[in-house]
Amino acid sequence: MKAASMNAHPSLLIGEPVKIQDGSAQPHAMVRFETVAKTYPAYRGKPGVVALQGIDFSIARGSITGVIGRSGAGKSSLVRLINGLEKPSTGRVVVDNRDISALTGRELRLAQRSIGMIFQHFNLLSSRTAADNIALPLEIAGWSKADIKARVTELLALVGIADKHDRYPSELSGGQKQRVGIARALATRPSVLLSDEATSALDPQTTRAILDLLANINRELGVTIVLITHEMSVVRQLARDVVVLDAGRVVESGHVADIFTHPKHPITQSFLAEASGDSLPVSLASRIVQEPGSHAVIRVQVRGAGAGDTLIARLARELGLDVSLLSARIDEIGGQHVGSLVLGIPVSDSGGEGATTRTLAWLSQYQVSAERLGYVA
Ligand SMILES: Nc1ncnc2c1ncn2[C@@H]1O[C@H](COP(=O)(O)OP(=O)(O)OP(=O)(O)O)[C@@H](O)[C@H]1O
C-alpha cells in the first residue's frame, strides 16, 4: 500500500501535524498573545520568576479552549494577562481587538466588563443572597435598580436556579454556588468567560452538569470560553481546542481531537497517560505482563465511527495476522468520536515477534498512534 493511496481512506488518518497558531495571523481571534513574556520581579530577597516566555498564539472567537499544564507552568499568569490583572513584561495581549495590556484606570475597568471569570471556590459574598451576588457587577457598572432586577431574574433562569433568588451561599450546594458564579460572570454580557478550575471542587455528576451548562452558554450566547484545568476529562468533554503549557512555554496547541489522539510533547503524553491509566478493563489490565507471552497487547486510537472495524479488518488481511480485539471503547473528544482499541497480536506462531514490529510499522504508516502495553499469556 503506497502512501498516496492511503489518503483515499481518511477515516484511518488521525492526528494531522500540530499547528501552533501564530497570534499575528489571526485578526479575528478573540484573544491574541503576541510574543508575550511575563517575569515577576525579585521581591524581598526572593529571585525574579520567569512565568511565561515566547507566548504567541490565538484563541478563536466563539471557541472553547482548555489550558493545561503542571503546577507552576504559568496557567494562572496566562489568564491574568487576558483579564488585565497582570501586564506582560514584553509583547501584547489583544482581547476583542483591544490591546488590554496597554489599558489602565477607567479604560481597563470598562474592558474588564467584557471578560467574566469563574473560580474553583466560587468567590461569592456570604452576606449577599444569590440575586445580590449576581447584581454586584451591575451595581458597579451603574445599572438602574429596575434594569438590575430584570437582568438578575433572566440570569437566574439561564443558569437553572430561578428558585434560589433569595438564598444565601451557605444554603446552596457546590453546583448551585457555581451557577451563581456563572450568572455573576455573565451579568455584564462579556464576550470572554475565563474559568479557573471551576469544576475542581465538584463531584463528577455536578461537574458534568456545570460543563453542560457552559457548553450551552457557549452555543447560545457565543461566549468564548477559556478553561484552566488539571482535569483532562474536562478538556475532553468541553473544549474544542487545547493549549499545553510547560515551564512557561506553549509546547503544543490545536484541536483537542488531534492532540489527545496524537500527543507529540512528552508532557502532553504523560498527562494523557495519567488520565487514561484506568481506562483498561480490570480483567484485561490484570493479565498484562512485560515478559513475552502468546500475544503482544497493542493499544491504538482511531478517529471516526467505524474506523476501528476498518482498521482491524485491513490489518488482519494485509499482514495475514489473526488479530484479536481485547477491548474497545469510543469517546467523544472535542466533538469527534475517538475509538481506543486494545489488540492482541500473536507472537508465537508463524509471525513470531516480528508480527508485532510489522504491526507497529503498518500502523505508523497510517499515522495511527499505537503503543505496546505488554503481553498476555
Ligand atoms: N505574583 C507572583 N509573584 C511572583 N511569582 C509568581 C506570582 N504569580 C505566579 N508566580 C510564579 O510564576 C510561575 C507560574 O505561576 P502560575 O500561578 O501562573 O502557574 P500555574 O500553572 O497556574 O500553577 P498552579 O496550577 O499551581 O496554580 C510559578 O513559578 C509561580 O511561583
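It should be emphasised that the depicted structure is a prediction, and the values quoted were computed from it without experimental measurement.

Student: It is not clear to me how the overall build of the protein should be interpreted in this structure. Could you clarify?
Tutor: Scanning the protein from N- to C-terminus turns up 13 helices and 14 strands. A total of 377 residues make up the protein; the buried ones form 39% of that total. Pairs at least 24 residues apart make up 72% of the contacts formed inside the protein by residues separated by at least 6 positions.

Student: Any chance you could explain the domain arrangement of the protein here in plain terms?
Tutor: How big an interface is tends to be stated in terms of accessible area lost as the parts join. Domain annotation of the protein identifies domain 1 (3–9 + 280–376) and domain 2 (19–275). Domain 1 puts 9 residues into the contact, and the matching count from domain 2 is 9 residues. Along the lines of polarity and charge, the residues of the side of domain 1 that touches domain 2 split into 2 nonpolar, 5 polar and 2 charged.

Student: Looking at this structure, how should I read the site of the ligand?
Tutor: Around the ligand, the neighbouring residues are Tyr40, Val49, Ala51, Gly69, Ser71, Gly72, Ala73, Gly74, Lys75, Ser76 and Ser77. Looking at the shell around the ligand, the elements that each hand over two or more residues are β2 (49–60) and α2 (75–82). Considering each element in turn, the shell around the ligand owes the most residues, 3 residues, to α2. A class-by-class count of the residues in the shell around the ligand yields 4 nonpolar, 6 polar and 1 charged.

Student: Where do I start with the UniProt feature "domain: ABC transporter" (unreviewed entry) in the protein in this structure?
Tutor: In this numbering, the UniProt entry assigns the feature "domain: ABC transporter" (unreviewed entry) to residues 31–272. Overall, residues 31–272 shows 38% helix and 26% strand. The separation of its end C-alpha atoms is 26 Å.

Student: Honestly, the packing of helix α4 (residues 130–140) against helix α5 (residues 145–158) in this entry has me stumped. Any pointers?
Tutor: Between two packed helices, what matters for the description is the angle formed by their axes and the separation of those axes. Where α4 contacts α5, the axes come no closer than 9 Å and their chain directions differ by 125°. Looking at the two axes, α4 sits oblique to α5. As α4 runs across α5, the sense of the crossing is right-handed. Along the contact surface, α4 presents Ala130, Ala131, Ile134, Ala135, Leu138 and Glu139, while α5 presents Ile148, Arg151, Val152, Leu155 and Leu156. The residue inventory of the contact of α4 with α5, partitioned by class, reads 9 nonpolar, no polar and 2 charged.

Calculation rules
Think of each chain on its own: its residues are numbered from 1, step by step along the sequence as written. In view of the model being predicted, local features appear only for residues whose pLDDT reaches at least 70, and side-chain atom pairs are presented and counted only at 80 or more, with totals across whole chains, interfaces and linings using the full set of residues. Secondary structure follows DSSP: runs of H or I at least 4 residues long count as helices, runs of E at least 2 residues long count as strands, and numbering of each begins at the N terminus. Between the buried cut of 20 or more and the exposed cut of 12 or fewer other C-beta atoms within 10 Å of a residue's own C-beta lies the partly exposed class, and all C-beta atoms are placed from the backbone. We call two residues in contact if the C-beta atoms placed from their backbones are at most 7 Å apart. The start and end points of each domain follow an automatic or database-based domain assignment. Each residue gets one label: Ala, Val, Leu, Ile, Met, Phe, Trp, Tyr, Cys and Pro are nonpolar, Asp, Glu, Lys and Arg are charged, and the others, such as Gly, are polar. Being near a molecule or strand means, for a residue, that its backbone-placed C-beta atom lies within 6 Å of it. UniProt positions are given in the numbering used here, feature names are shortened, and annotations may be inferred rather than shown by experiment. Note on method: axes are straight lines fitted to C-alpha atoms, helices fitted across the in-contact stretch only, with angles between N-to-C directions ranging 0 to 180 degrees. By the definition adopted for this analysis, an angle is roughly parallel if under 35 degrees, roughly antiparallel if over 145, roughly perpendicular if from 65 to 115, and oblique otherwise. Left-handed describes a crossing whose near helix is turned anticlockwise from the far helix by less than a right angle; the clockwise case is right-handed.

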